[in-house]
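Inside the fold
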Amino acid sequence: MAVLFIDLDRFKPINDSLGHATGDEVLRAIAGRLTTLLPADDTVARLAGDEFVVIGESLTTPDAAVRFAERLVTTLSHPIRTQMGTVVHEVSVGASVGVAFADGGAALTAEDLLRDADVAMYRAKQRGRGRVEVFDEALRIAVESRLETQNDLRHAIDDGQIRAFYQPIVDCTSGAVVGFEALARWEHPVRGLLAPSAFIDVAEETGLIVPLGARMLALACAQTAQWRDERRDRAHLRMAVNVSGTQFTHPSFVPTVAAVLAETRLDPDVLWLEITETSIMADAKAAAETLGAIRALGAHLAIDDFGTGYSSLTYLRRFPVESLKIDRSFVAGIGRNREDEAIVDMILSLARALGLHVVAEGVETPEQLAHLQRLGCTLVQGFHFGRPMPPDQVWNFLGEPAVRAAG
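Residues numbered from 1 in each chain as written. Predicted model: local features only at pLDDT ≥ 70, side-chain atom pairs only at ≥ 80, totals over all residues. Heavy atoms only, no water.

**Remarks on unusual backbone geometry**
Just so we agree on the cut-off: Secondary structure follows DSSP: runs of H or I at least 4 residues long count as helices, runs of E at least 2 residues long count as strands, and numbering of each begins at the N terminus. Classification of residues uses two cut-offs on accessible area relative to the type maximum, computed with a 1.4 Å probe and protein chains only: under 20% is buried, over 50% is exposed, and between them is partly exposed.
Residue Arg 10 is not a glycine yet carries a positive backbone phi of 60°. Examined against the element boundaries, Arg 10 turns out to sit in the loop between strand S1 (2–8) and helix H1 (12–18). Residue Arg 10 is classed as partly exposed on the basis of its relative accessible area of 45%. The backbone of Arg 265 sits at a positive phi, close to 55°, despite the residue not being glycine. Here Arg 265 falls in the exposed class, since its relative accessible area comes to 78%.

**Side note on the nonpolar core**
Short version of the rule: Residues grouped as a nonpolar core are buried Ala, Val, Leu, Ile, Met, Phe, Trp, Tyr and Cys residues, joined through side-chain atoms within 4.5 Å.
Judged by nonpolar contacts, the single largest core of 77 residues is most densely connected at Leu 273 and Val 380. Residues Leu 37, Phe 68, Leu 76 and Ala 95 belong to the second largest nonpolar core, which totals 29 residues.

**Focus: the packing of helix H14 (residues 338–354) against helix H15 (residues 366–375)**
Each packed pair of helices is defined by two parameters, the angle between the axes and the distance between the axes. Selection criterion: For helices, the fitted line uses only the C-alpha atoms of the stretch in contact; every axis is such a line through C-alpha atoms, and the angle between N-to-C directions lies from 0 to 180 degrees. Throughout this description, any angle smaller than 35 degrees is read as roughly parallel, any larger than 145 degrees as roughly antiparallel, any in the 65 to 115 degree range as roughly perpendicular, and the remainder as oblique. The hand of a helix crossing depends on one turn: near helix anticlockwise from the far one by less than a right angle means left-handed, and clockwise means right-handed. Should any heavy atoms of two residues lie within 4.5 Å, those residues are considered in contact. Note that Gly is not counted as nonpolar here; it falls among the polar residues with everything else outside the nonpolar set of Ala, Val, Leu, Ile, Met, Phe, Trp, Tyr, Cys and Pro and the charged set of Asp, Glu, Lys and Arg.
Between H14 and H15, whose axes approach to 10 Å, the crossing angle comes to 40°. On the basis of their axis angle, the class for H14 and H15 is oblique. Seen along the crossing, H14 lies across H15 with a hand that is right-handed. Of the residues in H15, those touching H14 at Glu 341, Val 344, Asp 345, Leu 348 and Arg 352 are His 371, Leu 372, Arg 374 and Leu 375. Looking at the contact of H14 with H15 residue by residue, the class counts come to 4 nonpolar, 1 polar and 4 charged.

**Looking at the sheet that holds strand S6 (residues 95–101)**
For clarity, the cut-off: The pairing criterion for strands is at least two bridges between them, as found by DSSP.
If you walk across this open sheet you meet the 5 strands as S2-S3-S1-S6-S7, and the pairing is mixed. Two strands close off the open sheet at either side, each with one partner strand: strand S2 (43–48) and strand S7 (132–134). Across the sheet, the axes of successive neighbouring strands diverge by a mean angle of 20°, strand direction being ignored. Direction of pairing for S1 relative to S6: antiparallel, over a ladder of 7 bridges. By the bridge assignment for S6, Leu 8 is matched with Ala 95. Against the sheet, helix H3 (residues 62–76) touches S1, strand S3 (51–56), S6 and S7, its axis set at about 20° to S1.

**Considerations on helix H11 (residues 284–297)**
The line we're drawing: Here a helix's expected span is defined as the number of its residues, less one, multiplied by 1.5 Å. The arc in question is the one traced by the directions running from the helix axis out to the C-beta atoms.
Compared with an ideal rise of 1.5 Å per residue, which puts 14 residues at 20 Å, H11 spans 20 Å between its outermost C-alpha atoms and is within 8% of the ideal. Those residues of H11 that fall on the buried side of the exposure criterion are Ala 284, Ala 287, Thr 290, Leu 291 and Ile 294. Each buried residue of H11 sits inside an arc of 125° when the element is viewed along its axis, so together they form one side. Opposite its buried face, H11 presents the exposed residues Lys 285, Glu 289 and Ala 296, each directed more than 90 degrees away. Backbone geometry just after H11 places Gly 298 at a positive phi near 105°.

**What to know about the side chain of Gln 161**
Selection rule: We define a polar contact as two N or O atoms separated by no more than 3.5 Å, with the added condition that, inside protein, one atom must be a possible hydrogen donor and the other a possible acceptor, whereas residues neighbouring each other in sequence contribute only through side-chain atom pairs.
Looking at where Gln 161 falls in the secondary structure, it is placed in the loop between helix H5 (137–159) and strand S8 (162–171). Only 2.9 Å separates the side chain of Gln 161 from the side chain of Trp 186, close enough to count as a polar contact. Discounting chain neighbours no more than four positions away, the residues touching Gln 161 are Ala 156, Arg 185, Trp 186, Glu 187, His 188 and Pro 189.

**A few points about the pairing of strand S15 (residues 357–360)**
This is how the line gets drawn: Handedness rule for crossovers: strands pointing away from the viewer, path from the first strand over the helix to the second running clockwise, crossover right-handed.
Looking at chain direction, strand S14 (residues 323–326) and S15 are connected through 4 bridges and run parallel. Note that in S15 the partner of Ile 326 across the bridge is Ala 360. Two strands pair when backbone bridges link them, and S15 and strand S16 (residues 379–380) are joined in this way by 2 bridges, in the parallel orientation. Across the sheet, Val 359 pairs through a bridge with Leu 379, a residue of S16. With respect to chirality, the unit in which S15 leads through H15 into the neighbouring parallel S16 is right-handed.

**A word on the packing of aromatic side chains**
How we decide: Only centres within 6.5 Å qualify two rings of Phe, Tyr or Trp (six-membered ring in Trp) as a pair; their planes then separate them into stacked at under 30 degrees, edge-to-face at over 60, and tilted for everything else. Think of it as a cone above the ring: NZ of Lys or CZ of Arg counts as a charge over the ring if it is within 6 Å of the ring centre and within 35 degrees of the ring normal.
In this structure the tally under the stated criterion is 5 aromatic pairs. Seen in terms of ring centroids, Tyr 166 and Trp 227 are 5.1 Å apart; in terms of plane orientation they differ by 65°. Their pairing is edge-to-face. Placement of Tyr 166 in strand S8 and of Trp 227 in helix H7 (residues 209–230) is noted, with a sequence separation of 61 residues between them. Trp 227 matches Tyr 166 in its accessibility class, with the two residues each being buried. In textbook terms, an aromatic cluster arises when at least three aromatic residues are bridged by ring pairs, as seen for Tyr 166, Phe 180, Trp 227 and Trp 395. A cation over a ring is seen here: Arg 238 above Trp 272, with NZ or CZ 4.1 Å from the ring centre. Over the aromatic face of Phe 383 sits the side chain of Arg 387, whose NZ or CZ is 3.9 Å from the ring centroid.

**Concerning the environment of Glu 90**
Secondary-structure assignment places Glu 90 in strand S5 (residues 87–91). Between the C-alpha atom of Glu 90 and that of Ile 80, which follows or precedes it by 10 residues, the distance is 5.5 Å.

**Some details on the environment of Asp 392**
Note on placement: Asp 392 falls in the loop between S16 and helix H16 (394–398). Residue classification places Asp 392 among the exposed positions, given a relative accessible area of 63%. Between the C-alpha atom of Asp 392 and that of Gly 23, which follows or precedes it by 369 residues, the distance is 56 Å.

**Overview of H15**
Buried within H15 we find Gln 368, Leu 369, Leu 372 and Leu 375. In a view along the axis of H15, the buried residues occupy a sector of 125°, so they form one face of it. Exposed side chains of H15 directed beyond 90 degrees from the buried face belong to Glu 367 and Arg 374. Looking at the packing, one finds that the buried side of H15 touches helix H13 (328–333), H14, S15 and S16. Positive phi appears at Gly 376, one or two residues downstream of H15, with a value of about 100°.

This is a description of form; function is not addressed.
Pasting the structure below:
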């Protein structure tokens, strides 16, 4: 038999824009289509929200389960007409489906099958939605590895295995290093030094990003305070710290920032918190209150990965944001892609009009630097100037010229 875990795509915007009554009508239409497709011996149920489950006792081979799941995806992608009073809407949702198959060869409980189908559905979402994924041995190993990473990370935060590395931010007109961005590394006792790509996704999914983010903030602020004491001539150096969306919306965020500033006695004027567009725009009203509270503490705010989200320029003008960071994907295309260069030029013009600073991240070549200078960008960071480094290498780095010839 097979279990199919079905999660609707693009359903939330229907509830948000057309209302829950229309959303309920769409759910009823989806349920009707599922019931019509299903053989008599099989069962379909709405599990929660926009999630449905099919128990396919007639689906006795993996191929049969996949073919049926693909039919479901096709059928559920067809537009749905809804009517509330005299108003008619045509909406499209689609679905992602995960399949778990029981062949009698292993002792699987109902909970096991449901969990495995859910995991496969999540992979379908990750790979682009509107598709079918099957839970297999490779995915089982990946899930077990992810669970191990999750458990190890929980201990790592408490045991001091999280390290802060620092990448320079450079004024490319003068060549001076104006600050650093703190980037997380994990000193794993078995796997060695791990980059964020090995654990940030797990931290986000499990909520561990909140204590991890707090730990990074404390490390960066304490290190900056120490540097300011050691080198008064470098007291102007700014410190940028990333803030995840989960961390930003957590009730502990503002109190944590306030507590860290108090404990480290760091001048808040040198702290820059970098928050993504999508984090801010998820709830603009709540974001405005949180951003205002951070500015009231004296810290500064930057929008990270600017250009990849969906910022409203109206809100951008109203938020107490002082800096935009141009996403590395646009910087990578400068000199090769006219569209990317036009976007960078537009962001720089927008920033000048609004009186905002701009930092271009991901600068890796002299050609990219030269194009950015020609467009009027002054603050940059990337491998061209320096890779993220442990704190004991920073003073040696500062003794070297930061800006290399642009060619």
